Amino acid sequence: MIHKTRTAESPKKVRMAFLRSNTSVDFTSTFPHARFLSFIMLFALPMSIVAKSKGTNEPLLYREGFLQVVSPDGATAEQAREAAKQVLAAWKFDLNVMQWGHPAEMQRPLTLRLISHDRMKREHNGARASASRSGNKISVDMTLIGDESINRTFAHELGHVQMFRALGKYSAGSAVPTYFLEGHGQMLNQLYSDHLGQDRSGPGASIVRSMMSFTSEEAHDILTDPSYFKVGTAAEKADKENKMERMGLYFVEYLRVRENIPDTVPRIGRVGELVGHGRTYEQAFKQAYNLSLNRTLSEIVTYFKQTETHPADRIKGTRFEEYLQ
Ligand SMILES: [Zn+2]
(Lines give C-alpha, C1' and ligand atoms only; values in the text may rest on other atoms or scores of the structure.)
Protein backbone atom coordinates (compact mmCIF):
# COMPACT_ATOMS: atom_id res chain seq x y z
CA MET A 1 0.00 0.00 0.00
CA ILE A 2 2.80 2.41 0.70
CA HIS A 3 4.40 2.30 -2.70
CA LYS A 4 2.48 4.93 -4.46
CA THR A 5 3.10 8.36 -5.76
CA ARG A 6 1.29 11.10 -3.95
CA THR A 7 2.42 14.29 -5.61
CA ALA A 8 0.13 17.26 -5.32
CA GLU A 9 -0.84 17.96 -8.91
CA SER A 10 -4.14 19.47 -9.93
CA PRO A 11 -6.68 16.73 -10.71
CA LYS A 12 -8.66 19.20 -12.84
CA LYS A 13 -5.69 19.83 -15.10
CA VAL A 14 -5.21 16.11 -15.37
CA ARG A 15 -8.80 15.43 -16.36
CA MET A 16 -8.74 18.09 -19.05
CA ALA A 17 -5.61 16.63 -20.52
CA PHE A 18 -7.38 13.26 -20.57
CA LEU A 19 -10.24 14.70 -22.60
CA ARG A 20 -7.79 16.32 -24.99
CA SER A 21 -5.95 13.08 -25.54
CA ASN A 22 -9.18 11.31 -26.47
CA THR A 23 -9.89 13.62 -29.36
CA SER A 24 -6.63 12.98 -31.15
CA VAL A 25 -7.40 9.53 -32.58
CA ASP A 26 -7.74 9.73 -36.35
CA PHE A 27 -8.77 6.40 -37.84
CA THR A 28 -9.55 7.79 -41.29
CA SER A 29 -5.88 8.34 -42.04
CA THR A 30 -5.28 4.61 -41.66
CA PHE A 31 -8.53 3.33 -43.19
CA PRO A 32 -9.73 5.27 -46.25
CA HIS A 33 -13.26 3.77 -46.21
CA ALA A 34 -15.37 4.71 -43.23
CA ARG A 35 -17.85 1.90 -43.93
CA PHE A 36 -15.09 -0.67 -43.99
CA LEU A 37 -13.84 0.75 -40.70
CA SER A 38 -17.18 0.32 -38.91
CA PHE A 39 -17.41 -3.24 -40.26
CA ILE A 40 -13.96 -4.00 -38.80
CA MET A 41 -14.82 -2.27 -35.52
CA LEU A 42 -17.92 -4.46 -35.08
CA PHE A 43 -15.72 -7.53 -34.96
CA ALA A 44 -12.56 -6.10 -33.45
CA LEU A 45 -14.21 -4.44 -30.46
CA PRO A 46 -16.00 -7.41 -28.85
CA MET A 47 -12.93 -9.57 -29.43
CA SER A 48 -10.65 -7.19 -27.58
CA ILE A 49 -13.14 -7.06 -24.71
CA VAL A 50 -13.37 -10.83 -24.49
CA ALA A 51 -9.59 -11.33 -24.36
CA LYS A 52 -8.42 -11.82 -20.79
CA SER A 53 -5.01 -11.10 -19.45
CA LYS A 54 -2.62 -13.65 -18.06
CA GLY A 55 -2.71 -13.76 -14.26
CA THR A 56 -5.75 -11.48 -13.83
CA ASN A 57 -9.35 -11.62 -14.96
CA GLU A 58 -9.25 -8.13 -16.33
CA PRO A 59 -9.72 -7.35 -20.02
CA LEU A 60 -6.45 -7.33 -21.90
CA LEU A 61 -6.07 -4.26 -24.09
CA TYR A 62 -2.53 -4.32 -25.36
CA ARG A 63 0.67 -6.30 -25.25
CA GLU A 64 4.21 -5.35 -26.18
CA GLY A 65 7.31 -7.32 -25.24
CA PHE A 66 7.18 -8.23 -21.53
CA LEU A 67 4.40 -5.72 -20.85
CA GLN A 68 0.64 -6.34 -20.90
CA VAL A 69 -1.94 -3.62 -20.31
CA VAL A 70 -5.29 -4.44 -18.70
CA SER A 71 -8.20 -2.39 -17.50
CA PRO A 72 -11.20 -3.39 -15.39
CA ASP A 73 -12.64 0.09 -15.96
CA GLY A 74 -13.01 0.42 -19.70
CA ALA A 75 -9.81 2.16 -20.78
CA THR A 76 -9.56 2.20 -24.58
CA ALA A 77 -7.03 0.32 -26.70
CA GLU A 78 -5.64 3.70 -27.73
CA GLN A 79 -5.08 4.72 -24.09
CA ALA A 80 -3.47 1.36 -23.39
CA ARG A 81 -1.08 1.77 -26.31
CA GLU A 82 -0.16 5.30 -25.28
CA ALA A 83 0.43 4.29 -21.64
CA ALA A 84 2.45 1.23 -22.73
CA LYS A 85 4.72 3.38 -24.86
CA GLN A 86 5.36 5.67 -21.89
CA VAL A 87 5.91 2.76 -19.49
CA LEU A 88 8.45 1.15 -21.81
CA ALA A 89 10.36 4.43 -22.21
CA ALA A 90 10.41 5.10 -18.44
CA TRP A 91 11.38 1.47 -17.78
CA LYS A 92 14.38 1.81 -20.10
CA PHE A 93 15.37 5.10 -18.49
CA ASP A 94 15.27 3.53 -15.00
CA LEU A 95 17.28 0.50 -16.14
CA ASN A 96 19.86 2.82 -17.57
CA VAL A 97 20.16 4.84 -14.37
CA MET A 98 20.22 1.83 -12.06
CA GLN A 99 22.48 -0.56 -14.00
CA TRP A 100 21.06 -3.63 -12.25
CA GLY A 101 23.34 -6.60 -11.91
CA HIS A 102 20.75 -9.15 -13.13
CA PRO A 103 19.24 -7.86 -16.36
CA ALA A 104 17.39 -11.14 -17.08
CA GLU A 105 15.40 -10.85 -13.83
CA MET A 106 14.26 -7.42 -14.98
CA GLN A 107 12.62 -8.82 -18.13
CA ARG A 108 9.97 -10.85 -16.27
CA PRO A 109 6.38 -10.16 -17.42
CA LEU A 110 4.83 -6.94 -16.11
CA THR A 111 1.18 -5.92 -16.00
CA LEU A 112 0.04 -2.32 -16.21
CA ARG A 113 -3.50 -1.82 -14.86
CA LEU A 114 -5.37 1.26 -16.02
CA ILE A 115 -7.98 1.90 -13.35
CA SER A 116 -10.57 4.56 -12.66
CA HIS A 117 -10.07 7.43 -10.25
CA ASP A 118 -12.72 5.87 -7.96
CA ARG A 119 -11.08 2.46 -7.96
CA MET A 120 -7.73 4.11 -7.22
CA LYS A 121 -9.41 5.75 -4.22
CA ARG A 122 -10.85 2.44 -3.04
CA GLU A 123 -7.86 0.21 -3.68
CA HIS A 124 -4.91 2.58 -3.18
CA ASN A 125 -6.13 5.33 -0.92
CA GLY A 126 -6.37 7.94 -3.67
CA ALA A 127 -2.75 7.62 -4.85
CA ARG A 128 -1.80 8.46 -8.43
CA ALA A 129 -0.24 5.04 -8.97
CA SER A 130 0.90 2.01 -7.03
CA ALA A 131 3.44 -0.80 -7.51
CA SER A 132 2.79 -4.26 -6.10
CA ARG A 133 5.47 -5.82 -3.89
CA SER A 134 5.52 -8.85 -6.19
CA GLY A 135 7.28 -6.65 -8.75
CA ASN A 136 4.80 -7.89 -11.37
CA LYS A 137 2.19 -5.17 -11.52
CA ILE A 138 1.58 -1.44 -11.39
CA SER A 139 -1.78 0.28 -11.24
CA VAL A 140 -2.30 3.84 -12.39
CA ASP A 141 -5.19 6.31 -12.25
CA MET A 142 -6.21 6.30 -15.92
CA THR A 143 -7.40 9.92 -15.79
CA LEU A 144 -3.67 10.79 -15.79
CA ILE A 145 -3.24 9.47 -19.33
CA GLY A 146 -2.52 12.43 -21.58
CA ASP A 147 -0.93 14.51 -18.80
CA GLU A 148 2.85 14.83 -18.93
CA SER A 149 3.10 14.14 -15.18
CA ILE A 150 2.23 10.47 -15.83
CA ASN A 151 5.74 9.96 -17.24
CA ARG A 152 7.50 10.77 -13.99
CA THR A 153 4.91 8.78 -12.05
CA PHE A 154 5.80 5.79 -14.23
CA ALA A 155 9.53 6.34 -13.65
CA HIS A 156 8.83 6.35 -9.89
CA GLU A 157 6.65 3.22 -9.79
CA LEU A 158 8.84 1.29 -12.23
CA GLY A 159 11.81 2.12 -10.02
CA HIS A 160 9.92 0.32 -7.24
CA VAL A 161 9.15 -2.61 -9.56
CA GLN A 162 12.82 -2.99 -10.46
CA MET A 163 13.84 -2.69 -6.81
CA PHE A 164 11.26 -5.32 -5.75
CA ARG A 165 12.63 -7.66 -8.42
CA ALA A 166 16.16 -7.14 -7.11
CA LEU A 167 14.97 -7.73 -3.53
CA GLY A 168 13.27 -10.99 -4.57
CA LYS A 169 11.78 -12.76 -1.56
CA TYR A 170 12.84 -9.87 0.68
CA SER A 171 10.57 -7.41 -1.11
CA ALA A 172 7.51 -8.36 0.92
CA GLY A 173 8.76 -7.38 4.36
CA SER A 174 10.51 -4.33 5.73
CA ALA A 175 14.09 -5.42 4.94
CA VAL A 176 14.73 -2.02 3.35
CA PRO A 177 13.20 0.98 5.15
CA THR A 178 10.45 2.84 3.34
CA TYR A 179 12.25 6.22 3.39
CA PHE A 180 15.06 4.62 1.34
CA LEU A 181 12.65 2.97 -1.15
CA GLU A 182 10.74 6.23 -1.52
CA GLY A 183 13.91 8.30 -1.79
CA HIS A 184 14.79 6.07 -4.73
CA GLY A 185 11.32 6.41 -6.31
CA GLN A 186 11.21 10.17 -5.82
CA MET A 187 14.69 10.62 -7.25
CA LEU A 188 13.75 8.71 -10.42
CA ASN A 189 10.69 10.89 -10.67
CA GLN A 190 12.97 13.94 -10.51
CA LEU A 191 15.66 12.58 -12.85
CA TYR A 192 13.16 11.50 -15.48
CA SER A 193 11.29 14.78 -15.55
CA ASP A 194 14.66 16.57 -15.88
CA HIS A 195 15.55 14.16 -18.70
CA LEU A 196 12.27 15.01 -20.48
CA GLY A 197 12.84 18.72 -19.91
CA GLN A 198 9.60 19.13 -17.92
CA ASP A 199 8.98 22.21 -15.82
CA ARG A 200 8.88 21.07 -12.20
CA SER A 201 8.98 24.48 -10.54
CA GLY A 202 5.58 23.96 -8.83
CA PRO A 203 6.23 20.55 -7.21
CA GLY A 204 9.91 21.53 -6.81
CA ALA A 205 9.05 24.55 -4.64
CA SER A 206 6.75 22.39 -2.53
CA ILE A 207 9.50 19.76 -2.07
CA VAL A 208 11.95 22.46 -0.98
CA ARG A 209 9.44 23.91 1.50
CA SER A 210 9.05 20.44 3.09
CA MET A 211 12.79 19.88 3.28
CA MET A 212 13.21 23.26 4.98
CA SER A 213 10.33 22.64 7.38
CA PHE A 214 11.71 19.48 9.02
CA THR A 215 12.77 19.74 12.64
CA SER A 216 15.67 17.54 13.72
CA GLU A 217 13.17 15.45 15.77
CA GLU A 218 11.09 14.83 12.66
CA ALA A 219 14.19 13.91 10.68
CA HIS A 220 15.15 11.50 13.45
CA ASP A 221 11.69 9.90 13.62
CA ILE A 222 11.34 9.51 9.86
CA LEU A 223 14.80 7.96 9.48
CA THR A 224 14.67 5.63 12.47
CA ASP A 225 11.02 4.77 13.23
CA PRO A 226 9.44 2.41 10.66
CA SER A 227 5.97 3.14 12.08
CA TYR A 228 6.36 6.93 11.75
CA PHE A 229 3.86 7.32 8.89
CA LYS A 230 1.55 4.53 10.04
CA VAL A 231 0.25 6.30 13.14
CA GLY A 232 -2.49 8.96 13.30
CA THR A 233 -5.70 9.89 11.52
CA ALA A 234 -6.00 9.26 7.78
CA ALA A 235 -5.08 12.90 7.07
CA GLU A 236 -2.11 12.80 9.44
CA LYS A 237 -0.86 9.58 7.89
CA ALA A 238 -1.09 11.04 4.39
CA ASP A 239 0.84 14.10 5.53
CA LYS A 240 3.49 12.00 7.25
CA GLU A 241 3.82 9.73 4.24
CA ASN A 242 4.45 12.76 2.09
CA LYS A 243 7.10 14.00 4.54
CA MET A 244 8.71 10.56 4.67
CA GLU A 245 9.00 10.50 0.86
CA ARG A 246 10.62 13.93 0.82
CA MET A 247 12.98 13.08 3.66
CA GLY A 248 13.96 9.98 1.67
CA LEU A 249 14.62 12.14 -1.35
CA TYR A 250 16.73 14.48 0.78
CA PHE A 251 18.63 11.51 2.20
CA VAL A 252 19.63 10.39 -1.30
CA GLU A 253 20.69 13.90 -2.27
CA TYR A 254 22.58 14.30 1.02
CA LEU A 255 24.66 11.22 0.16
CA ARG A 256 25.42 12.60 -3.28
CA VAL A 257 26.27 16.17 -2.31
CA ARG A 258 27.35 16.22 1.35
CA GLU A 259 29.04 12.81 1.33
CA ASN A 260 30.33 13.45 -2.18
CA ILE A 261 29.15 10.20 -3.82
CA PRO A 262 28.28 11.13 -7.41
CA ASP A 263 26.81 7.70 -8.28
CA THR A 264 24.56 7.63 -5.21
CA VAL A 265 21.47 6.56 -7.21
CA PRO A 266 22.85 3.40 -8.89
CA ARG A 267 24.30 2.44 -5.52
CA ILE A 268 20.73 2.34 -4.18
CA GLY A 269 20.36 -0.59 -6.57
CA ARG A 270 23.46 -2.26 -5.11
CA VAL A 271 21.85 -1.98 -1.66
CA GLY A 272 18.71 -3.69 -3.01
CA GLU A 273 20.71 -6.48 -4.64
CA LEU A 274 22.76 -7.12 -1.51
CA VAL A 275 19.62 -7.28 0.63
CA GLY A 276 18.16 -9.59 -2.03
CA HIS A 277 21.11 -11.88 -1.31
CA GLY A 278 20.44 -11.94 2.41
CA ARG A 279 22.44 -9.01 3.82
CA THR A 280 20.77 -6.68 6.30
CA TYR A 281 20.07 -3.13 5.15
CA GLU A 282 22.80 -1.87 7.46
CA GLN A 283 25.39 -4.29 6.02
CA ALA A 284 24.32 -3.58 2.46
CA PHE A 285 24.44 0.17 3.04
CA LYS A 286 27.95 -0.08 4.45
CA GLN A 287 29.10 -2.17 1.50
CA ALA A 288 27.48 -0.03 -1.18
CA TYR A 289 28.42 3.41 0.20
CA ASN A 290 31.39 2.60 2.40
CA LEU A 291 29.64 4.53 5.17
CA SER A 292 28.26 3.50 8.53
CA LEU A 293 24.46 3.73 8.32
CA ASN A 294 23.98 4.78 11.92
CA ARG A 295 26.68 7.43 11.78
CA THR A 296 25.24 8.83 8.55
CA LEU A 297 21.73 8.97 10.02
CA SER A 298 22.90 10.73 13.17
CA GLU A 299 24.99 13.17 11.10
CA ILE A 300 21.88 14.09 9.12
CA VAL A 301 19.84 14.62 12.28
CA THR A 302 22.62 16.84 13.69
CA TYR A 303 22.74 18.73 10.40
CA PHE A 304 18.99 19.39 10.59
CA LYS A 305 19.46 20.68 14.13
CA GLN A 306 22.29 22.99 13.06
CA THR A 307 20.27 24.39 10.16
CA GLU A 308 16.94 24.84 11.96
CA THR A 309 17.27 28.63 12.07
CA HIS A 310 18.58 28.95 8.48
CA PRO A 311 17.10 25.91 6.69
CA ALA A 312 17.82 27.26 3.19
CA ASP A 313 21.40 26.05 3.81
CA ARG A 314 20.07 22.48 3.52
CA ILE A 315 19.10 23.14 -0.07
CA LYS A 316 22.20 25.01 -1.24
CA GLY A 317 24.44 22.95 -3.52
CA THR A 318 21.73 20.31 -4.08
CA ARG A 319 19.77 19.72 -7.27
CA PHE A 320 16.80 21.38 -5.53
CA GLU A 321 18.52 24.73 -5.22
CA GLU A 322 16.85 25.95 -8.42
CA TYR A 323 13.47 25.67 -6.66
CA LEU A 324 14.57 27.80 -3.72
CA GLN A 325 12.47 31.00 -3.66
ZN1 LIG B 1 6.85 5.31 -4.13
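Residues numbered from 1 in each chain as written. Predicted model: local features only at pLDDT ≥ 70, side-chain atom pairs only at ≥ 80, totals over all residues.

Further remarks concern the environment of threonine 143. Tracing the sequence through the fold places threonine 143 in the loop between strand E6 (137–141) and helix H6 (149–167). Taking the C-alpha atoms as reference points, threonine 143 and serine 116, separated by 27 residues in sequence, lie 7.0 Å from one another. (Helix = DSSP H or I, 4+ residues; strand = E, 2+ residues; numbered from the N terminus.)

In the contact formed by H6 and helix H11 (residues 264–276), the axes pass within 7 Å of each other and the chain directions differ by 35 degrees. Here Met163, Ala166 and Leu167 of H6 lie close against H11, whose contacting residues are Gly269, Gly272, Glu273, Val275 and Gly276. Class assignment for the residues of the contact of H6 with H11 results in four nonpolar, three polar and one charged. (Axes fitted to C-alpha atoms, helices over the stretch in contact; angles between N-to-C directions. Contact = placed C-beta atoms within 7 Å. Nonpolar A, V, L, I, M, F, W, Y, C, P; charged D, E, K, R; others polar.)

Within the sequence span of helix H12 (residues 281–289), burial applies to Ala284, Phe285 and Ala288. Across the axial projection of H12, the buried residues extend over an arc of 100 degrees, all falling on one side. The first or second residue beyond H12 is asparagine 290, which carries a positive phi of 55 degrees. (Buried ≥ 20, exposed ≤ 12 C-beta atoms within 10 Å, placed from the backbone. Arc of directions from axis to C-beta.)

Of the residues in the protein, 83% have a pLDDT of 70 or more, and the chain-wide mean is 87. Segment residues 7–50: pLDDT under 50, and 26 contacts once partners within four positions in sequence are set aside and those in other chains are kept. (pLDDT = per-residue confidence, 0-100.)

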